[in-house]
Amino acid sequence: MKSHFVRSSNVAAGVPGVLYTMNILISLLVTIIGITTCFSTEILQSTNSYLTTADRIHLKKILEPGLTSNDVTFMYYAIHGYTFLGEVLSNKQDICNFMIKLIKNENNITTEKAFHIASIWQTIGNCQANSLSNIIKIFTNTIEKETSSMMEIYYAVNGLNILLEKLSRDKIDNIIKTVQNMLRKDDNLWNLGYAFHIASDFGTSGMFAFDRIEDAIIQADEVDGQYLQFEGGLSITSFLVNGIFKLSNTLKKKPPLTLQQIVKMANYLLSRRSVQTPRGVTSLLSALTTLANNDFEKPICVTLANEEISISIQQPLVTIKVCDILGNPLTNTFKVIANSATRIGDDVIIFNKQNLQSSTTDKTLFTMNFMEMKPERGFYKISIIAGSVTNIVTVKVLCDVMVDYMEIGTADADQTTQPKLTRILFPEKLSQKIEADSQQKLVMRFLLRDNANKKPMRTHQAFVRLSSMSISKNDKKGHEILFVAEADTSHLYKFDMPVGTAAANFNYQSRDYNVELIIGDAILSNPFQWTVATVSLKFPEPSSSERTDKNVFYKSKSNVYSTKPEIKHMFREPEKRPPAFVSNLFTGLCLAPVLLLFILWAKLGVNISNFPFSFSAVIFHLGLGSIFTLFGIFWLKLNMFVTLRYLVGLGIVTFLAGNKMLSRIAHKHKSR
């Protein structure tokens with residue numbers, strides 16, 4: 001950063017004062033925009049989810065095969081995943097026997113495999129202690145070897161720490177020096193993570209790595225303002241989270257992380273609950289456990305107990321879950337308050353400051369009767385405060401829709417007479433059949449009301465469906481047509497269908513049709529499909545042209561997937577050229593200035609004595625003449641691409657020769 005400021009000041013010293021002032025103004029503007037953006041960004045205080053019981057069951061199923069595996073790495077992840085889930089290992093003795101057999105029969109055990117063996121050994125806790133002498137030797141040799149990688153040192157140091165083997169002061173100093181040298185050469189995220197874990201096993205001597213935590217955090221990527229992760233995904237994110245908090249707990253120093261960053265990291269980890277590998281499961285559970293149990297900032301989840309909650313008279317309660325990210329109840333006491341409820345769309349606030357009642361059976365659940373506020377149908381945002389944490393949840397209030405009245409009948413298509421309508425009560429069906437011919441139209445009028453406040457209402461889906469009742473031999477599929485019913489300003493729905501105009505939609509099939517009303521909406525608790533009546537439609541006979549068009553349509557429809565002729569590009573035909581006399585006249589006019597130039601040269605005289613007879617001068621004039629000649633040939637026969645190819649070569653030669661010629665002329669004038 002220091003060198004950056006030095007470079008900026010040097011540049012500023014060499015430019016005019018105006019530019020320097022503009023540079024300062026731009027810097028101030030960028031700073032102001034950054035500050036404004038920072039304050040305008042929504043601050044997260046709560047995670048948007050937690051580890052549910054269903055998640056635990058899913059993760060456990062992925063880990064189960066590893067408990068009986070012959071792969072020690074697979075078994076390591078399975079056992080540690082089980083430990084984080086709080087599950088009991090039922091086959092500890094079998095695992096112990098497998099470990100003893102593995103140690104005896106395996107000659108070339110890597111440092112990583114030795115670490116897995118030591119970790120499993122410590123977790124099950126009932127194996128023979130004298131069997132680990134060669135494992136300890138592997139760790140010791142790794143530490144003493146100068147060519148060991150950062151990963152191998154990490155496994156060796158952590159392995160010895162697991163087995164309660166202490167390192168001497170000299171070895172600790174050598175390891176710290178080695179780790180620092182490796183970080184100077186390559187401080188990628190994995191190396192930083194290894195350094196955090198190694199330093200956490202050295203007590204206060206690990207302070208050298210604490211100062212590098214900010215270097216790791218600054219490389220985290222934020223997604224959608226909700227998630228914070230490190231490039232590489234779940235494994236590296238979990239590894240760094242565990243290392244940062246493990247080191248911070250060892251040194252009793254708060255890590256340089258804000259609560260918002262911790263919440264966003266927890267959100268990312270929780271978004272990976274569908275992980276499908278044992279390593280991924282262990283990475284996820286270890287990092288979540290670290291965040292939930294750290295001594296500094298613990299992320300809290302304030303959310304709906306059910307992901308999608310619908311409020312109605314039958315189910316009036318809003319249930320809020322307040323827990324840690326593992327789904328466990330919080331240890332401190334607090335009140336849960338619904339600060340406000342705002343209807344989405346018009347921002348109407350229906351209440352302020354309502355206390356939620358805690359559940360007697362589950363300490364993480366808090367409820368309130370939302371329908372006591374008599375909310376209208378729609379979606380609401382509820383601001384929930386749990387102690388010092390605030391979050392916003394969204395619920396929808398359902399309503400019961402009722403058909404206030406329904407009228408159906410026919411009218412003349414030209415509207416010369418009033419429609420003849422019959423009223424029907426929901427959910428009955430009209431007893432008599434309605435008949436309509438091509439000179440009439442089918443008419444329907446209906447009004448919907450909210451059953452709670454009796455106000456007229458509209459719905460997102462209001463369809464009139466006409467479906468054939470009987471199927472003829474020639475038309476085995478039958479017909480089904482859906483029409484949209486439109487509402488006017490008074491919320492009255494109207495549906496008019498001229499029979500003659502709609503004949504083509506029904507393929508001119510005159511028969512009996514069921515008339516159904518379909519009402520649906522996201523905020524309806526009782527969407528319905530109501531068979532209103534039966535109508536007998538009599539369509540006119542199609543004309544000969546309509547029959548032909550229909551046959552052509554079906555004929556072409558059968559060839560939709562057949563091979564079509566190849567599409568070939570056709571260039572536009574050239575325009576008609578003018579007569580030769582016009583072209584020659586235009587050419588003469590274009591050449592007239594050249595003729596005039598020669599006439600003036602002849603009259604005034606041409607001074608050729610100053611022509612520099614040098615190689616560069618001759619080449620320049622020849623090149624210039626060649627370029628003009630090339631333009632003439634281009635006009636007569638060449639295309640643009642060929643012309644440009646020749647022009648590049650001629651242009652370069654002419655430019656170099658001209659530059660040399662002008663330099664010689666200038667030098668000649670100076671020498672005089």
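Our structure's up above, just so we're on the same page.
Now for a quick tour of the structure. (Residues numbered from 1 in each chain as written. Predicted model: local features only at pLDDT ≥ 70, side-chain atom pairs only at ≥ 80, totals over all residues. Heavy atoms only, no water.)

Describing the overall build of the protein
At step 1: Scanning the protein from N- to C-terminus turns up 19 helices and 21 strands.
At step 2: When each of the 672 residues of the protein is scored for burial, the buried share is 38%.
At step 3: In the protein, of all internal contacts separated by at least 6 residues, the share reaching a separation of at least 24 is 68%.
At step 4: Roughly 40700 Å² of accessible area belongs to the protein as shown, and the carbon and sulfur atoms make up 56% of that amount. (Helix = DSSP H or I, 4+ residues; strand = E, 2+ residues; numbered from the N terminus. Buried < 20%, exposed > 50% of the residue type's maximum accessible area, 1.4 Å probe, protein only. Contact = heavy atoms within 4.5 Å. Areas by Shrake-Rupley, 256 points an atom, 1.4 Å probe, with all protein chains shown as cover.)

Structural notes on the sheet that holds strand β14 (residues 434–436)
At step 1: Pairing is mixed across the open sheet formed by five strands, whose spatial order is β14-β21-β20-β16-β17. In this open sheet, the two edge strands, each paired with only one partner strand, are β14 and β17 (480–484). Adjacent strand axes in the sheet meet at a mean angle of 30 degrees when their direction is disregarded.
At step 2: As paired strands, strand β16 (residues 461–468) and strand β20 (residues 511–520) are joined by eight bridges and run antiparallel to one another. When the sheet's bridge partners are listed, V464 is paired in β20 with L517. (Pairing = 2+ DSSP bridges. Axes fitted to C-alpha atoms, helices over the stretch in contact; angles between N-to-C directions.)

So, helix α19 (residues 640–671)
At step 1: Here α19 contains 32 residues, and its C-alpha end-to-end distance of 45 Å stays within 8% of the 46 Å for a straight helix at 1.5 Å per residue.
At step 2: A bend of about 25 degrees at L647 is the largest found in α19.
At step 3: When α19 is considered as a whole, its buried residues turn out to be T643, T654, A657, G658 and M661.
At step 4: Where α19 is buried, its residues touch α18 (615–636).
At step 5: Measuring from the side-chain oxygen of the N-cap residue of α19 to the backbone nitrogen of F641 gives 3.2 Å; that N-cap residue is N639. (Expected span 1.5 Å × (residues − 1). Bend = angle between axes of the 7 residues up to and from the residue. Polar contact = N/O pair within 3.5 Å; in protein donor to acceptor, adjacent residues only side chain to side chain.)

Some remarks on the pairing of strand β10 (residues 378–386)
At step 1: Across the nine residues of β10, seven count as buried, placing the element largely inside the fold.
At step 2: As judged from the nine bridges shared by β10 and strand β11 (residues 389–397), these two strands associate in the antiparallel manner. Note on β11: the bridge partner recorded for Y380 is V395.
At step 3: Joining the antiparallel neighbours β10 and β11 is a turn of two residues, in which G387 adopts a positive phi near 65 degrees.

Digging into a nonpolar patch on the surface
At step 1: A cluster of nonpolar side chains, contributed by L591, V594, L597, F598, W601 and V606, occupies part of the molecular surface with about 570 Å² of accessible area.
At step 2: By the secondary structure assignment, L591 is in helix α17 (residues 580–604). (Patch = residues over 30% accessible without salt bridge, like charges linked within 9 Å, V, L, I, M, F, W, Y side chains within 5 Å. Salt bridge = Lys/Arg side-chain N within 4 Å of Asp/Glu carboxyl O.)

Notes on the packing of helix α13 (residues 234–251) against helix α14 (residues 259–271)
At step 1: Packing of α13 against α14 leaves a shortest axis separation of 11 Å and a crossing angle of 140 degrees. Comparing their axes, α14 and α13 come out oblique. Viewed along their axes, α13 and α14 form a crossing whose handedness is left-handed. Residue-level contacts link L234, T237, V241 and F245 of α13 to I262, M265, Y268 and L269 of α14.
At step 2: Along the lines of polarity and charge, the residues of the contact of α13 with α14 split into seven nonpolar, one polar and no charged. (Parallel < 35°, antiparallel > 145°, perpendicular 65-115°, else oblique. Left-handed = near helix turned anticlockwise from the far one by under 90°. Nonpolar A, V, L, I, M, F, W, Y, C, P; charged D, E, K, R; others polar.)

Describing the packing of aromatic side chains
At step 1: On inspection of all chains with the given rule, the structure shows 19 aromatic pairs.
At step 2: The structure contains a cluster of three or more aromatic residues connected by ring pairs, namely Y76, Y77, F115, Y154, Y155, W190, Y194 and F239. (Phe/Tyr/Trp six-rings, centres within 6.5 Å; stacked < 30°, edge-to-face > 60°.)

Thoughts on the side chain of T364
At step 1: Tracing the sequence through the fold places T364 in the loop between β8 (357–358) and β9 (365–369).
At step 2: A distance of 2.7 Å separates the side chain of T364 from the side chain of D362, its partner in a polar contact.
At step 3: Residue contacts for T364: discarding those within four places in its chain leaves I320, K321, V322, C323, G327, N328 and P329.

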